[in-house]
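Inside the fold
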Amino acid sequence: STSTSTSTSTSTSKPSYFTEGPLPSLPLPPVLTSTTPGTWAYDTMSRRIDSEILQRTLDENEIEFNTPEFAVAKSKFEGLRSELQSAGATKLRYLTPYTNGKETREFEEWTEILAPYLEGEVDTWLTAPWMMAEFYVYRRLLEALGYFDDGNGSNPATIGYDPFLHQKTAGLVSSVAMAAPILTQMTPYLTKGT
């Protein structure tokens, strides 16, 4: 069973990304939220994001996160995890402005995306659309690190720091071992005609 309730937001204005380009000829299905226990969306937002994904992120970045340079980032990371541990009661919020005061187009787009769920009755991690909430988790993780913030109050050690680099590297290394047998079989085809 999948929850199909819509957002509790009362805002009817749609951000520009909803109105640019061709629209589908069929009506869109109702928005999936994470309010129904037993659904993938509910499990993802109420348990899996924190206890599996963010815990693995913490484990894989333990050395960096336990240095003085990452103390503020780790504190914000733990704050995000705390929000997710009470996802049904925690209201969403806008992203924190950069310390340099120069919000990028990406930052402005997130403001547009979040507006319908933060104006009027504010959505929680569970009542907001599931896909948006999951993407928002990753954006908030980058915010916690100060990934994009190069202002006066920023931390050079965390600007551009990729908390998933360990996972990406492991995936790349393992893919080479998995691809080797296939590449060996292709060798005769690659040398033909030369």
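Worth saying up front: this structure is predicted, and the values here are computed from it rather than measured.

1. Some thoughts on the pattern of salt bridges
- Under the defined criterion, the tally for this structure stands at 13 salt bridges.
- In this structure, glutamate 134 engages arginine 48 in a salt bridge whose closest nitrogen and oxygen atoms are separated by 4.0 Å. Of this pair, glutamate 134 sits in helix H6 (residues 130–145) while arginine 48 sits in helix H2 (residues 40–60), placing them 86 residues apart in sequence.
- Lysine 168 is the partner of aspartate 162 in a salt bridge, and the nearest nitrogen-oxygen pair spans 2.7 Å.

2. Concerning the nonpolar core
- Counting residues in each nonpolar core, the largest one holds 33 residues, and the members touching the most others are Met45, Leu84, Trp125, Met132 and Tyr136.
- Of all elements in the fold, only H2, helix H4 (71–85), helix H5 (105–118) and H6 reach the threshold of two or more residues within this core.
- Among the elements that make up this core, the one with the highest residue count is H6 (seven residues).
- Discounting chain neighbours no more than four positions away, the residues touching methionine 45 are Ser34, Leu84, Ala87, Trp125, Leu126, Trp130, Ala133, Glu134 and Val137.

3. What about the environment of tryptophan 40?
- Locating tryptophan 40 in the fold gives a position in helix H2.
- Separated by 90 residues in the primary sequence, tryptophan 40 and tryptophan 130 have C-alpha atoms spaced 9.7 Å apart.
- Setting aside residues up to four positions removed in sequence, tryptophan 40 forms contacts with Arg48 and Trp130.

4. Quick look at the packing of aromatic side chains
- Evaluation of the coordinates by the stated rule reveals eight aromatic pairs.
- With 5.9 Å between their ring centres and 25° between their planes, phenylalanine 65 and phenylalanine 70 make a pair best called stacked. Each of the two residues, phenylalanine 65 as well as phenylalanine 70, counts as buried.
- Note on tyrosine 98 and phenylalanine 107: the rings are 5.1 Å apart at their centroids and 55° apart in plane angle, and the pair reads as tilted.
- Judged by relative accessible area, tyrosine 98 falls into the buried class, the value being 9%.

Calculation rules
Residues numbered from 1 in each chain as written. Predicted model: local features only at pLDDT ≥ 70, side-chain atom pairs only at ≥ 80, totals over all residues. Heavy atoms only, no water. Salt bridge = Lys/Arg side-chain N within 4 Å of Asp/Glu carboxyl O. Helix = DSSP H or I, 4+ residues; strand = E, 2+ residues; numbered from the N terminus. Core = buried A, V, L, I, M, F, W, Y, C linked by side-chain atoms within 4.5 Å. Buried < 20%, exposed > 50% of the residue type's maximum accessible area, 1.4 Å probe, protein only. Contact = heavy atoms within 4.5 Å. Phe/Tyr/Trp six-rings, centres within 6.5 Å; stacked < 30°, edge-to-face > 60°.

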